[in-house]
There are 2 protein chains.
Amino acid sequence: MNSLARVEVINTGTELLFGSVVNTHLSYLGQSLFPLGLRIQRQTTVPDGAVIRDAILEAAPRSEFILVTGGLGPTSDDITREIVAELTGRSLEYDETIFARIKERFARRGIRLTDRISRQAYVPQGASVMPNDFGTAPGLYVPAKEKVPHLLLFPGPPRELQPMLENYGIPLLRGLLEDSDLYARVFRTTGLGESMIEEIVGERLTSIPELEVGYCARLGEVDVRIIGSRDAVEAGETLVCTELAQYIVSADAKDIEQVILEKLKQKRATLAVAESCTGGLLADRITNVPGASAVFLEGSVVYSNEAKTRTLGVPTDLLSSFGAVSEEVAKAMAEGALNRSGASFALSTTGIAGPEGGTAEKPVGTVYLGLARTGGKTEAEKLYFPMDRRSFKSIASQYSLNMLRRGIDS
Amino acid sequence: MNSLARVEVINTGTELLFGSVVNTHLSYLGQSLFPLGLRIQRQTTVPDGAVIRDAILEAAPRSEFILVTGGLGPTSDDITREIVAELTGRSLEYDETIFARIKERFARRGIRLTDRISRQAYVPQGASVMPNDFGTAPGLYVPAKEKVPHLLLFPGPPRELQPMLENYGIPLLRGLLEDSDLYARVFRTTGLGESMIEEIVGERLTSIPELEVGYCARLGEVDVRIIGSRDAVEAGETLVCTELAQYIVSADAKDIEQVILEKLKQKRATLAVAESCTGGLLADRITNVPGASAVFLEGSVVYSNEAKTRTLGVPTDLLSSFGAVSEEVAKAMAEGALNRSGASFALSTTGIAGPEGGTAEKPVGTVYLGLARTGGKTEAEKLYFPMDRRSFKSIASQYSLNMLRRGIDS
């Protein structure tokens, strides 16, 4: 099996078509399969129930792998397991180990086991089980047979699917692609736009023989992906690391918040934040990382001027002479957070998220970011992100985290 | 054309399959079409380029409407327009008005017009144009012809598609469905699981003649959707409002954070929050609502015990006797936030988000929520959400907001 294997994704779920849930599976799978050299060629969403049969049969002749999400649960609509068994001519066998695991999980949560639940313990003969560490329905790998290609079946909830793919699905796929000699790297960058990055490294990257290059831009973040032979990837890596050094957040697709917490832990340093315009998002992102409590001491969301003075000691004359959205106040906020918490580093944000509150001098989208450190100089940076409120909060928090990332190293 | 018309959605875009962008189209379209009585029966994502032809041909016999997103731009990959003209046997005609509009747009932004751009001014003969108020490529409605059903073509960027659908697409669809006399309501609820809601109102709702019922569960939230004749929807509404009264957050799909801010504004009341385990998410959600600054005074993210004492005045002996995760500390945190900010209401959260930090007595997922109010009694609630860290934060913040929602009314 080579790395040009064709992959299709089938998502089952009436709730996806109904619009009540955004389908994040495709994006997650696309990103996770990339380092294996696998490309998703088509994705289909079908309702719960029997249509999954048509979807698999249509995808089969077009692909070497089909990844299915959803339809493994206990209700009568969840029939992916049965349909796959039927399509591949396999019988369903009861797996005592799975059932014991489910039973144990239910006992722990004090929930009564219903008859329906035991359906999840059936496995198509010859399939391998991918354990579900965050739910009841296990995932299944059903090897290619007759006209049906390799099938990987995952549960629908992202919090169950994502760790399952990472811990069991990816290693399994790597095994099936064993003769592959492809290497891949993903560089996560912050601070430059996609077009600027392409201008700096684009031409030289694409001129490396046997190297494939891709860029993925998100709000305040651009991934540079390279894939190819070992030599090609090494050449690409050298180029990217030299030319984009200060913008690289991670070379292993780690998020900036995780990178920061690891750096701070390593230095036995601590962190506090003082937020106005990001309104808690900065603290939220930091505390999304498991173990954040070892590093993160305190956050203050100081929306009103009174709160800025009361909690962070921002002098009222600073607020009146320069305004809340100013370099001076950003610095005073960061220093206030540092002083009250005793942290090694403190970040601050103050800006105009909109849609109201802009002026000619300080239009909606204006933001000042501050960074204070114990025994060091306080810095501030002025940026301008004229966009909707949520995007503004998101990109402002991203640049604030990036300011800290660079600050820890300097 | 009746309301049971079958709809398929085709999204074109290599970036969607690559995983660099989350596909939000399906969710947006699903929600927007619901009030028209239209259901999306299947959705497909294909790469840019010629595969769009196969996708349209496959969807055609299964549907009365096909909605296509993407592929209307100026680059050589953007060939939706040409393929649709070919499939429906229509010639492409140059539309002077469209070109003038594009030209004017470019002039305004000071960008030079390239030859490629003029491709966007071609329209399949007999199609109607949906103007693009936020970009260059107009949308197109191509009436059903031969074996191809009604086609609606939209540009790929959500900020162009969404206003176009709302302002031109929905009225156009309403016209095509003109004999429809359907009504719809969406009730957003928090505090009961989907199965519990179904148990309370499910049977009685489905027994109302000419009423269709749907449930959509998200983390800590369940939407109840009803659609049908005016009488049927009125009967359904009465039932839902009577039986689920205290759980209904909104009857117009408004989010709980927006509902709360409106209620507080109306009462000229203010809010402060004190977060431990939700780590800033509560403040972040509140400040996502435009105009939050009129109501929201201050948030404290007090991860460490020292911060709980220093900032909120939680007595150290309370922390040592009951532990940080306790009813007593939740109450003291809420009261501390109320006192320091002078707000009318204050929320608090303290719990064990995991994956570490759980004990036999207080396992990962345990959370205490507090609510204090000026001149009133402080309440606390113990809940248990054994799930991954982010889901835990999300559902804990949801229940905290719901505690406030009920508290404001009582």
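None of these values were measured; they are calculated from a predicted model.

Asker: Please clarify how the overall build of chain A should be interpreted in this entry.
Answerer: Within chain A, the secondary structure is distributed over 14 helices and 17 strands. If one aligns the C-alpha atoms of chain A with their principal axes, the spans along those axes are about 80 × 60 × 40 Å. By sequence separation, contacts in chain A at least 24 residues apart represent 66% of the contacts at least 6 residues apart.

Asker: How should the interface of chain A and chain B be read in this particular structure?
Answerer: Interface size is often expressed as the accessible area that is lost when the parts come together. Each partner contributes to the interface: chain A provides 58 residues, whereas chain B provides 59 residues. Every element with two or more residues in the side of chain A that touches chain B is listed here: helix H1 (14-18), helix H2 (25-33), strand S2 (39-46), strand S10 (211-218), helix H10 (281-287), strand S14 (296-302), helix H11 (305-312) and helix H14 (389-409) of chain A. Residues of the side of chain A that touches chain B, tallied by class, amount to 25 nonpolar, 23 polar and ten charged. With three bridges joining them, S2(A) and strand S2 (residues 39-46) of chain B adopt antiparallel strand pairing. Bridged to Thr45(A) within S2(B) is Gln43(B).

Asker: Can you help me understand the sheet that holds strand S3 (residues 65-69) of chain A in this one?
Answerer: Neighbouring strands of a sheet are bound in pairs by backbone hydrogen bonds; such pairs are parallel or else antiparallel. If you walk across this open sheet you meet the twelve strands as S6(A)-S7(A)-S8(A)-S3(A)-S1(A)-S2(A)-S2(B)-S1(B)-S3(B)-S8(B)-S7(B)-S6(B), and the pairing is mixed. Either end of the sheet is taken by a strand with one partner, and the two such strands are strand S6 (128-130) of chain A together with strand S6 (128-130) of chain B. Within the sheet, the average angular offset between the axes of one strand and its neighbour, ignoring direction, is 15°. In this structure, strand S1 (residues 6-12) of chain A lies alongside S3(A), joined through five bridges in parallel fashion. Residue pairing for S3(A): Glu8(A) is matched across the bridge by Ile66(A). Each of S3, S6, strand S7 (139-142) and strand S8 (150-154) of chain A is contacted by helix H6 (residues 158-176) of chain A, which is oriented at about 165° to S8(A), the strand it contacts most.

Asker: Explain unusual backbone geometry here, please?
Answerer: Peptide bonds are mostly trans, and most non-glycine residues show a negative phi. With omega at 0°, the peptide bond leading from Gly354(A) into Pro355(A) counts as cis. Here Glu210(A), not a glycine, exhibits a phi torsion of approximately 65°, which is positive. A tally of 13 C-beta atoms within 10 Å means that Glu210(A) is categorised as partly exposed. Phi angles above zero are rare outside glycine, and Arg268(B) is one such case at about 50°. For Arg268(B), the location among the structural elements is in the loop between helix H9 (256-266) and strand S13 (271-275).

Asker: How should H11(A) be read in this particular structure?
Answerer: Residues separated by three or four positions in an α-helix point in the same direction, a consequence of the helix having 3.6 residues per turn. Inspection of H11(A) places Ala307(A), Lys308(A), Thr311(A) and Leu312(A) among the buried residues, and these make up the whole buried set. Taken around the axis of H11(A), the buried residues stretch over an arc of 105°, which confines them to a single face. The inward-facing, buried residues of H11(A) contact strand S13 (271-275), S14, helix H12 (316-322) and helix H13 (327-341) of chain A together with strand S14 (296-302) and helix H13 (327-341) of chain B. Gly313(A) occupies a position one or two residues after H11(A) and carries a positive phi of about 70°.

Asker: Can you walk me through the packing of H2(A) against H6(A) in this structure?
Answerer: How two helices sit against one another is set out by the angle between their axes and by the gap between those axes. All names here are of chain A. The contact between H2 and H6 brings their axes to 11 Å, and the two run at 15°. Taken together, the axes of H2 and H6 lie roughly parallel to each other. Note that H2 runs across H6; the crossing there is right-handed. Across the interface between the two elements, His25, Tyr28 and Ser32 of H2 pack against Pro158, Leu161, Gln162, Leu165 and Ile170 of H6. Its residues assigned to classes, the contact of H2 with H6 comprises five nonpolar, three polar and no charged.

Asker: Could you clarify how one ought to interpret the packing of H9(B) against helix H14 (residues 389-409) of chain B in this entry?
Answerer: All names here are of chain B. Running from amino to carboxyl end, H9 crosses H14 at an angle of 30°, the nearest separation of the two axes being 10 Å. One finds that H9 runs roughly parallel with respect to H14. Handedness of the H9/H14 crossing: left-handed. Seen from H9, the contacting residues are Ile256, Glu257, Val259, Ile260, Lys263 and Leu264; seen from H14, they are Gln398, Leu401, Asn402, Leu404, Arg405 and Ile408. In terms of residue class, the contact of H9 with H14 is built from seven nonpolar, two polar and three charged.

Asker: What is the right way to read the relation of the copies chain A and chain B from this model?
Answerer: Related by rotation about an axis and a shift along that axis, the two copies of the chain form a pair. Each copy superposes on the other: chain A lies on chain B with an RMSD of 2.3 Å after a rotation of 180° and an axial shift of 1.9 Å. Both copies present the same face, since 90% of the interface residues in chain A are matched by interface residues at the equivalent positions in chain B.

Asker: Looking at this model, I keep getting lost on the sheet that holds strand S11 (residues 221-228) of chain B. Mind explaining?
Answerer: Residue and element names in this part refer to chain B. Read across the open sheet, the four strands follow the order S10-S11-S9-S12; overall the sheet is antiparallel. Here the strands that pair on one side only, and so sit at the sheet edges, are strand S10 (211-218) and strand S12 (248-250). The sheet shows a mean angle of 30° between the axes of neighbouring strands, taken without regard to direction. Note that strand S9 (residues 183-189) and S11 share seven bridges and pair antiparallel. Residue pairing for S11: threonine 189 is matched across the bridge by valine 222. Relative to S9, helix H8 (residues 230-243) is tilted by about 15°, and along the sheet it contacts S9, S10, S11 and S12.

Asker: In this structure, what is going on with the nonpolar core? I would like to understand it.
Answerer: One recurring pattern in soluble globular proteins: nonpolar side chains tend to sit buried together. Core analysis: the largest hydrophobic core is formed by 110 residues, its most contacted members being Ala334(A), Ala346(A), Ala334(B) and Ala346(B). Beyond its immediate chain neighbours, meaning those up to four positions away, Ala334(A) contacts Ala274(A), Ala346(A), Leu347(A), Ser348(A), Gly370(A), Leu371(A), Ala372(A) and Thr378(A). Counting 60 residues, the second largest nonpolar core, distinct from the first, contains Ile10(B), Ile66(B), Ile79(B) and Val201(B).

Asker: Help me out: how do you make sense of the environment of Val129(A) in this one?
Answerer: All names here are of chain A. Mapped onto the fold, valine 129 is located in strand S6. Residue valine 129 is classed as partly exposed on the basis of its 16 C-beta neighbours within 10 Å. Along the primary structure valine 129 and alanine 292 are separated by 163 residues, whereas in three dimensions their C-alpha atoms are 33 Å apart. When residues no more than four places from it in sequence are discounted, the contact partners of valine 129 are Asp95, Ile98, Val123, Pro138 and Leu140.

Asker: Would you mind showing me how to read the domain arrangement of chain A here?
Answerer: Residue and element names in this part refer to chain A. By the assigned domains, chain A splits into domain 1 (6-176), domain 2 (183-250) and domain 3 (256-409). Taking only C-alpha atoms, the centre of domain 2 and the centre of domain 3 are 29 Å apart. Opposite the eight residues of domain 2 that make contact, domain 3 presents ten residues. Classifying every residue of the side of domain 2 that touches domain 3 by side-chain character gives two nonpolar, five polar and one charged.

Asker: Would you mind showing me how to read the pairing of strand S16 (residues 366-373) of chain A here?
Answerer: For a regular strand, side chains alternate in direction, first toward one face of the sheet and then toward the other. Residues and elements named next belong to chain A. Summarising burial for S16: eight of the eight residues are buried, a large majority. By the bridge criterion, six bridges tie S16 to strand S17 (residues 379-384) in an arrangement that is antiparallel. Bridge assignment links valine 367 to a residue of S17, and that residue is leucine 383. Counting the residues that bridge the hairpin from S16 to S17 gives five residues, and of these glycine 375 lies at a positive phi of roughly 70°.

Asker: Explanation requested: the environment of Thr114(A) in the structure shown.
Answerer: All names here are of chain A. Tracing the backbone through its elements, the reader meets threonine 114 in the loop between helix H5 (96-109) and strand S5 (122-124). Residue threonine 114 is classed as exposed on the basis of its C-beta count, with 9 C-beta atoms lying within 10 Å. With 40 residues separating them along the chain, threonine 114 and proline 74 place their C-alpha atoms 9.3 Å apart.

What counts and what doesn't
Residues numbered from 1 in each chain as written. Chains lettered and ligands numbered in written order. Predicted model: local features only at pLDDT ≥ 70, side-chain atom pairs only at ≥ 80, totals over all residues. Helix = DSSP H or I, 4+ residues; strand = E, 2+ residues; numbered from the N terminus. Contact = placed C-beta atoms within 7 Å. Nonpolar A, V, L, I, M, F, W, Y, C, P; charged D, E, K, R; others polar. Pairing = 2+ DSSP bridges. Axes fitted to C-alpha atoms, helices over the stretch in contact; angles between N-to-C directions. Buried ≥ 20, exposed ≤ 12 C-beta atoms within 10 Å, placed from the backbone. Arc of directions from axis to C-beta. Parallel < 35°, antiparallel > 145°, perpendicular 65-115°, else oblique. Left-handed = near helix turned anticlockwise from the far one by under 90°. Least-squares fit on C-alpha atoms with pLDDT ≥ 70 in both. Core = buried A, V, L, I, M, F, W, Y, C linked by C-beta atoms within 7 Å. Domains from an automatic or database assignment.

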